[in-house]
Amino acid sequence: MEQSVGKMASGSTNPATEAPAKLELRNISKWFGPVGDGVHAVDDCSIEVKKGEFIVVVGPSGCGKSTLMTVGAGLENPTQGEVLVDGKPAGSPGPTRSVVFQKFALFPSETVEQNIKFGLQMTGVSAAEQEARLVEQLKIMGLELFRKSYPSELSGGMQQRVAIARALVMQPEILLMDEPFGALDAQTRTILQEEVQRLHREKHYTVLFITHSVEEAVYLGDRVVVMTKRPGRIKRVIDLPRDVIWKTGDIELAAEHPEFIEFRREIWGLVREEIVSI
Amino acid sequence: MGVLTDRGKATAYGIFSLSVLLTLWICATSLFQWIEPRVLPSPAQVIRQFAWIITEPFSGLRLPGHILFSLERWGWGVLTAGLVGIPVGVFFAWNPWFKTFLNPVFELIHFIPPFAYIPLAVLWFGASTATQAMVVFVAAFPAIVINSQLGVAQVEKIYVDAARVFGASPFRTLCRVVLPAAAPSIYTGLRIAISNGWMALVGAELVVGKVGLGFMIAQGQENASVATIFVGVITIGCLGVLIDTLVQRSERYVLPWRRVAG
Amino acid sequence: MGQSRTLQVAAGLGAILAWIIIWAWLTRPGGPVPTLYFPAPDDVWAKFVRMWQRPYIGSTLPNHILASLYIVLTGWGLAALVGIPLGIAMAWWKKLKWIVFPTFQLIRPVPPLAWIPLTILWLGIGDSARISVVFIAALVPWLMNSMLAVYSVDRLLLDAAKTLGANDRQILARVVCRTALPTLVAAARMALGNAWSTLVAAEILAATAGLGYVAVNASQLLDTDVLLVAMFMIGILGICMTGLIGLTQNWLAPWSVLGARRD
Ligand SMILES: Nc1ncnc2c1ncn2[C@@H]1O[C@H](COP(=O)(O)OP(=O)(O)O)[C@@H](O)[C@H]1O
Ligand SMILES: [Mg+2]
């Protein structure tokens, strides 16, 4: 892994950076179809997500970001390499690693309430506890009024709030988000980006976040991993300062910050190289 | 990788399960006679019956003769259904008033099952080809009308407008622009109609007539000959599959512009 | 919009009225169509009222209707009991599909009616022969559509359920079966349509009561008006039953009948 840009964040002020890796993707390669003949989606990618860290993966579309995430979630087995949680093999998917999908993946036959309670019911949480956690989550995501609605009655932004609530209510150790705002309009996206930022600041979730938006990466990430075009490899890992002003303000203000502009320019340069090269 | 081996496995499992079934049949009949031949004939008996009906006349005709009679009745029914149904469907889509007026009669044909027309057809036509053809017609007609109508309604208005801009008359627009665009849907309707008609024919022949595959089955029941019924059922099933395959395969020749590139 | 809808309904009713008038005119005394071939509308109505109270070939019209409904609903229900679980299981466990599907494919092209003579030979002309033919006719749509319903569930939903800690059994019960419900409602309609139409033929061939039995006897006795009553009843009952099934979708799968998104 190459390191770039001096560590502007002072590691000592943040205990999380000293902690052991919560989620580790170690030398992951993934082929769809026979090795050597199928689609080579991901090639030898290693990513460490420490406890409380917000890692963002950016790369051109089709480079294998989603594949990396499905492998990280345990939904696909890697062709090579392994996925570790707290240093131990992660095994099959489960509620310690909650996932938010780009296309929401809400159960159409269930109301908002049922969707959010789904995972709790699957894992045998008591009814009282279910209700308490549901109410809390509805409040956090601003969904109180939509408790009895079906997903098809909600706007895209609201649906994604439900999906995020459904993931958070499991109190996951790790949150995996695959372009969660990719299907939303620009205004809704901005608001949700700010909310995710706020949530992370307050609750210190461990997040692996995937996006193709450089701006989103700089705004949200503690570290940004830039991938090459397919087969996706790790091109560069960039540490971002944690406690600067733009991380606490809204994205419009952040985007005017000179450092923000500098990082965005640098990362966009890296991504652009991958898009234009043949 | 997965697809190919899966298909291979599927075939293997299929062959295995069908052979188990066949073995069971042989065991139950020829080998151990668990079941009386009167109830379930052995495979050998069915094959013998097949050979017998092909070579010796059964109720006056050999098997090909029965098949030809069935095909003739079915052909008349489907042909008239097509000749009447396609124009009706096209005009249903073309002119809403025409549709509003004819709709009650159409819905009557659509919602009363074709077999309910058998007694009426018998009353009108007696035991003639027209009886079975009418039942086939009733079974085939709705699918043709509905799909022709759908096909025409789906033609995008810009094509019609484009033709009008070039000065085409409504009739020429219909022939040159609308019908070719609607043809795939009409074809689908014909395909459904053809197989619906085949199903209905069997019912009609079971009730009325002195020849045909349905009649053969009915005779099998009359003579308590399960083997004859099997011969009839197998022939009907195979012909049904054959007809449907032919129709499906022929689409690319009848509608060459539907051929997909590559 | 509302007005043009009213106009449509009015035009539709007008068309029905027009056809009844045409019908009455064609079959008037001394008219071009002899009533032996096609009776006048008032005769049919009179016969309908009469059959409602007086028995025709053994039973009153309501009893014939009940006899038909009993057979069709039993056969259709039994087919559902077999077809839905088997279809879902075949779509879920592909080995089961590999084993069962070839046999099913072999039987499928045979028109359900062709089984009537066989069932009569095997089971006699009692209810069981007709129930089994209706069963066969309804089984194909039940099974095929249950399979399709499972295949049409978005894979993403299965992934989502897995990441929420659901095991295979839970996914099958809660995600697959519930998401598949609207398709199953459609399957129910198709199965009932097939069952109803097959029942009519079965009753023509072997029965002692039922609407098809009424129709075939009326035809032999040249009671054309009774025949038309039977045919109309067959059509109307078919429409009513499929309509009722359509209504169940509202409470079985309310999410599938909601309007468009609110944004
Ligand atoms: N299930 C699959 N089977 C075959 N190819 C796949 C599959 N999933 C993804 N791919 C291929 O792998 C590559 C990477 O896909 P993906 O990870 O979705 O990219 P990204 O999320 O970065 O846009 C793409 O070329 C895609 O077509
Ligand atoms: Mg993706």
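*Asks:* Would you mind showing me how to read helix α8 (residues 258–276) of chain A here?
*Replies:* Note that an α-helix has 3.6 residues per turn; residues three or four places apart therefore point the same way. All names here are of chain A. Along its 19 residues, α8 runs 26 Å from first to last C-alpha, staying within 8% of the 27 Å computed at 1.5 Å per residue. Taken together, the buried positions of α8 are F260, F263, I267 and V271. Mapping the buried residues of α8 onto a view down its axis gives an arc of 75 degrees, with all of them on the same face. Residues of α8 that are exposed and angled more than 90 degrees away from the buried face: P258, E262, R265, G269, R272 and V276.

*Asks:* What's the story with the interface of chain B and chain C in this structure? I'm lost.
*Replies:* How big an interface is tends to be reported as the loss of accessible area on association of its parts. Counting residues at the interface gives 43 residues for chain B, matched by 40 residues for chain C. Those elements that place two or more of their residues in the side of chain B that touches chain C are α1 (2–31), α4 (96–111), α5 (118–125), α8 (170–207), α9 (213–222) and α10 (226–254) of chain B. Looking at the side of chain B that touches chain C residue by residue, the class counts come to 33 nonpolar, nine polar and one charged.

*Asks:* Before we go on, may I ask you to explain unusual backbone geometry in this structure?
*Replies:* What is expected of a backbone is that most residues other than glycine have negative phi and most peptide bonds are trans. Residues and elements named next belong to chain A. With an omega of -5 degrees, the peptide bond running from R230 to P231 counts as cis. Its location among the elements puts P231 in the loop between β10 (223–227) and β11 (234–239). Residues other than glycine seldom take positive phi values, yet H204 does so here, at roughly 55 degrees. Note that H204 resides in the loop between α5 (186–203) and β9 (207–211). Residue classification places H204 among the partly exposed positions, given that 15 C-beta atoms sit within 10 Å.

*Asks:* Help me understand the confidence of the model for chain A in this model?
*Replies:* Detailed reading of predicted coordinates is not advised where the pLDDT is low. A residue-level look at chain A finds 90% of positions with pLDDT of 70 or above and a mean pLDDT of 85. In the predicted structure, residues 1–13 of chain A sits below a pLDDT of 50 and forms 18 contacts with residues beyond four places in sequence or in another chain.

*Asks:* What's the story with the confidence of the model for chain C in this structure? I'm lost.
*Replies:* All names here are of chain C. Predicted confidence across chain C gives a mean pLDDT of 89, with 97% of residues reaching 70 or more. When pLDDT is averaged over each element of chain C, helix α3 (residues 61–92) comes out on top at 94 and helix α1 (residues 2–26) at the bottom at 87. Two summary scores accompany this predicted model of the complex, namely pTM at 0.84 and ipTM at 0.87.

*Asks:* I tried to follow the sheet that holds strand β2 (residues 21–32) of chain A on my own but got confused; where do I start?
*Replies:* Each strand in a sheet pairs with its neighbour through backbone hydrogen bonds, running either in the same direction (parallel) or in the opposite one (antiparallel). All names here are of chain A. Pairing is antiparallel across the open sheet formed by four strands, whose spatial order is β3-β2-β5-β6. Taken across any chain shown, the strands that pair with only one partner, and hence form the sheet edges, are β3 (39–50) and β6 (88–89). Across eight bridges, β2 lies against β3 in antiparallel orientation. Across the sheet, the residue bridging to F32 is V39, located in β3. Running over the sheet, helix α1 (residues 65–73) touches β2, β3 and β5 (80–85) and is turned about 120 degrees from β2.

*Asks:* How do you make sense of the packing of α8(B) against α9(B) when you look at a structure like this?
*Replies:* All names here are of chain B. Two elements in contact, α8 and α9, have axes separated by 7 Å at closest approach and are oriented at 50 degrees. Put simply, α8 runs oblique to α9. Like other packed secondary-structure pairs, α8 and α9 cross with a definite hand, here right-handed. Of the residues in α9, those touching α8 at L201, V202, A204, E205 and L206 are L213, G214, F215, I217 and A218. Classifying every residue of the contact of α8 with α9 by side-chain character gives eight nonpolar, one polar and one charged.

*Asks:* Explain the packing of α5(B) against helix α11 (residues 224–252) of chain C to me, please; I cannot follow it from the model alone.
*Replies:* Taken N-terminus to C-terminus, the directions of α5(B) and α11(C) make an angle of 155 degrees; their axes are 10 Å apart at the nearest point. In terms of their interaxial angle, α5(B) and α11(C) are classed as roughly antiparallel. You can see that α5(B) and α11(C) cross each other, and the crossing is left-handed. Note on element contacts: α11(C) touches α5(B) through T224(C), L227(C) and M231(C), opposite P119(B), L120(B) and L123(B). Among the residues forming the contact of α5(B) with α11(C), the class breakdown is five nonpolar, one polar and no charged.

*Asks:* Just to check I follow, could you spell out the site of ligand 1 for this structure?
*Replies:* All names here are of chain A. Close to ligand 1 lie F32, V39, A41, G59, S61, G62, C63, G64, K65, S66, T67 and R230. Put simply, the parts of the chain that give the shell around ligand 1 at least two residues each are β3 and α1. With three residues, α1 is the largest single contributor of residues to the shell around ligand 1. When the residues that make up the shell around ligand 1 are grouped by side-chain class, the tally is four nonpolar, six polar and two charged.

Calculation criteria
Residues numbered from 1 in each chain as written. Chains lettered and ligands numbered in written order. Predicted model: local features only at pLDDT ≥ 70, side-chain atom pairs only at ≥ 80, totals over all residues. Helix = DSSP H or I, 4+ residues; strand = E, 2+ residues; numbered from the N terminus. Expected span 1.5 Å × (residues − 1). Buried ≥ 20, exposed ≤ 12 C-beta atoms within 10 Å, placed from the backbone. Arc of directions from axis to C-beta. Contact = placed C-beta atoms within 7 Å. Nonpolar A, V, L, I, M, F, W, Y, C, P; charged D, E, K, R; others polar. pLDDT = per-residue confidence, 0-100. Pairing = 2+ DSSP bridges. Axes fitted to C-alpha atoms, helices over the stretch in contact; angles between N-to-C directions. Parallel < 35°, antiparallel > 145°, perpendicular 65-115°, else oblique. Left-handed = near helix turned anticlockwise from the far one by under 90°. Near = placed C-beta within 6 Å.

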